[in-house]
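Read off the chains here:
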Amino acid sequence: MSLHRETRTVHTPVQQPVGSKPLSVPIYQGHMFTFDGADELAAAFDGPEGAYFYSRLGNPTVRALEEAVADLEGGTAGLAFASGMGAISAVLLGHVRSGDHVIAQHCVYGGTYSTLCDLSERWGVEVTFVSGDDPAEVREALRPTTKLLYLETIANPTTQVVDLPALIRAADRPGLISVVDNTFATPLLCRPLEHGADVVVHSATKFLGGHSDVLGGVAVFASAEARRRIWDHAIDLGASADPFAAWLTVRGMQTLALRVERQSVNALFLAERLAGHPAVSHVNYPGLAGHPNHAIAQRLLTAGGGVLSFDLAGGREAGRTFVEAVRLCALTGSLGSVHTLVLHPASTSHRQLDAASLAAASIGEGTIRLAVGIEHRDDLWDDIEQALAKVT
Ligand SMILES: Cc1ncc(COP(=O)(O)O)c(C=O)c1O
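Below is a summary of the structure that appears in this document. (Residues numbered from 1 in each chain as written. Predicted model: local features only at pLDDT ≥ 70, side-chain atom pairs only at ≥ 80, totals over all residues. Heavy atoms only, no water.)

1. Section: the overall build of the chain
Okay, step 1: When helices and strands are counted, the chain shows 15 helices and twelve strands.
Okay, step 2: In terms of overall size, the chain behaves like a compact globule, its C-alpha atoms giving a radius of gyration of 23 Å where 392 residues would be expected to give roughly 21 Å.
Okay, step 3: Expressed as lengths along the three principal axes of its C-alpha atoms, the size of the chain is roughly 80 × 50 × 35 Å.
Okay, step 4: By residue count, 52% of the 392 residues in the chain fall in the buried class.
Okay, step 5: The long-range fraction of contacts in the chain, counting pairs at least 24 apart against all pairs at least 6 apart in sequence, stands at 73%.
Okay, step 6: In the form shown here, the chain has an accessible surface area of approximately 18200 Å², with 53% of it arising from carbon and sulfur atoms.
Okay, step 7: Averaged over its 29 positive side-chain charges, the chain has a centre that lies 2 Å from the centre of its 42 negative ones. (Helix = DSSP H or I, 4+ residues; strand = E, 2+ residues; numbered from the N terminus. Rg over C-alpha atoms; globule rule 2.2 N^0.38 Å. Buried < 20%, exposed > 50% of the residue type's maximum accessible area, 1.4 Å probe, protein only. Contact = heavy atoms within 4.5 Å. Areas by Shrake-Rupley, 256 points an atom, 1.4 Å probe, with all protein chains shown as cover. Lys, Arg positive; Asp, Glu negative; His and termini not counted. Charge placed at Lys NZ, Arg CZ, Asp CG, Glu CD.)

Right under this line is the structure:
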């Protein structure tokens, strides 16, 4: 067919490699895929296993991320989302209905906590929070209507490490699924599916992406049926991952093992230094022998991870002074980056809590969260030490 130039500007030929293949994952940014036959397009509407036709339902670049994380976690299948909260909301909302009951660890990420409270206040889902320290608490909380147990491998900012296999076993009942947020541990330190979890969720914004330049989330499922169930809900929720964000995450994940190893080494070094400093009253790091869950961490984690927190003896004022005094560490709310980041939870992420509620969540007025990056550890300590000098 001979076409006018105006038409040819629109219909740029799409190149497919012939006789070779790309080494890196290609970015399929376009959200539509076309078909030669009406029956083939109709079949694509049937479900996630069909051909790609519209990227909210599936996309090859996004699928590459889903398969990469599912493979690392030892799962059957994955689903990628626009953010960690997209993944968490899809899994929670896709599994429970009004009248159901959820058991959740008390010290979960703030957005997850608000979602659980919202489910309870507006959607008629009952939620029981447990400390996560005792499987008996989970057994006692079980009801005939309990549908979901929700845990985090390493909690924020206390670095509590729960005994995943014991808690999951305590809730092992037909029809009840266990969901674990593995953001802080990453599949390099722990694989919750091996400990009985049914679903693992990640904020890929953190360690998986790793460079503070992408928002994303991933859910990994032990069974293909579980993926299908959440996919049905997720395509309507509309929190699908953008292909470019998925591509950035896949690219970042190529250095995940190197980053996590370096972050863990740096974090242990800084935790030990902090523990010996007079301005610091307490350090929370699972890799330290004095951590209350050190034995569990040694059993479940291959290293302590990149996040620690510590309490400044000078309380709230000292906390604020410290975060404003650091020069190399960046003052911000995220974690899992190549950059080292600091946060004073009492004046930021947990500012809505009064002193009693902070204490109940094991967060002090002078607690600082340190999300350790991959810089040289001596430069990090020099920066932290000069900031500590301002609060001593
Ligand atoms: C443990 C954990 N889960 C989930 C989230 C939510 O992730 P996102 O910000 O990508 O929605 C966060 C964010 O900080 C987190 O720390």
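Read on, since the account is not over.
2. A look at the pairing of strand β9 (residues 307–312)
Okay, step 1: Among the six residues of β9, six are classified as buried, and the element is accordingly described as predominantly covered.
Okay, step 2: Both faces of β9 are covered, namely the face carrying V307, S309 and D311 and the face carrying L308, F310 and L312.
Okay, step 3: Judged from the five bridges that link them, β9 and strand β12 (residues 367–371) form a sheet pairing that is antiparallel. Its bridge partner lying in β12, F310 is registered against I368. (Pairing = 2+ DSSP bridges.)

3. Description of the packing of aromatic side chains
Okay, step 1: Going through the model one piece at a time under the given rule, you end up with six aromatic pairs.
Okay, step 2: With a centroid separation of 4.9 Å and an interplanar angle of 35 degrees, the aromatic rings of Y113 and F129 are classed as tilted. You can see Y113 sitting in helix α5 (residues 110–122) and its partner F129 sitting in strand β3 (residues 126–130), a full 16 residues away along the chain.
Okay, step 3: Residue classification places F129 among the partly exposed residues on the basis of a relative accessible area of 25%.
Okay, step 4: Considering the side-chain rings of F244 and W247, the 5.8 Å spacing of their centres and the 10 degrees angle between planes classify their relative orientation as stacked. Here W247 and F244 lie together in helix α10 (residues 243–253), a separation of three residues that amounts to about one turn.
Okay, step 5: F244 sits in the partly exposed class, given a relative accessible area of 38%.
Okay, step 6: Three or more aromatic residues joined by ring pairs make a cluster, and in this case those are Y28, F33 and Y52.
Okay, step 7: A cation over a ring is seen here: R377 above F269, with NZ or CZ 4.3 Å from the ring centre. (Phe/Tyr/Trp six-rings, centres within 6.5 Å; stacked < 30°, edge-to-face > 60°. Lys NZ or Arg CZ within 6 Å of the ring centre and 35° of its normal.)

4. A short note on the packing of helix α11 (residues 256–275) against helix α15 (residues 377–389)
Two quantities define a packed helix pair, namely the angle between the helix axes and the distance between the axes.
Okay, step 1: Contact pair α11 / α15: the axes reach a minimum separation of 10 Å and the direction vectors enclose 30 degrees. Here the hand of the crossing between α11 and α15 comes out right-handed. Contacts between α11 and α15 involve V265, N266, F269, L270, R273 and L274 on the former and, on the latter, R377, D378, L380, W381, I384 and L388.
Okay, step 2: Split into classes, the residues belonging to the contact of α11 with α15 amount to eight nonpolar, one polar and three charged. (Axes fitted to C-alpha atoms, helices over the stretch in contact; angles between N-to-C directions. Left-handed = near helix turned anticlockwise from the far one by under 90°. Nonpolar A, V, L, I, M, F, W, Y, C, P; charged D, E, K, R; others polar.)

5. Some words on the environment of A224
Okay, step 1: With respect to the element layout, A224 can be found in helix α9 (residues 224–237).
Okay, step 2: Owing to a relative accessible area of 40%, A224 belongs among the partly exposed residues under this scheme.
Okay, step 3: In the structure, A224 is positioned 147 residues away from A77 in sequence and 6.1 Å away in space, judged by C-alpha atoms.

6. Examining the site of the ligand
Okay, step 1: Close to the ligand lie S83, G84, M85, I88, Y109, D181, T183, F184, S203, T205, K206 and G216.
Okay, step 2: At a separation of 2.8 Å, an oxygen atom of the ligand approaches a polar backbone atom of M85.
Okay, step 3: T205 is positioned such that a nitrogen or oxygen atom in its side chain is 2.6 Å from an oxygen atom of the ligand.
Okay, step 4: The protein chains hide 90% of the 390 Å² of surface that the ligand would expose on its own.
Okay, step 5: Ranked by residue count, the leading element in the shell around the ligand is helix α4 (residues 84–95), at three residues.
Okay, step 6: By residue class, the composition of the shell around the ligand is four nonpolar, six polar and two charged. (Near = heavy atom within 4 Å. Polar contact = N/O pair within 3.5 Å; in protein donor to acceptor, adjacent residues only side chain to side chain.)

So, to be careful, I would describe these as geometric facts and stop short of saying anything about function.
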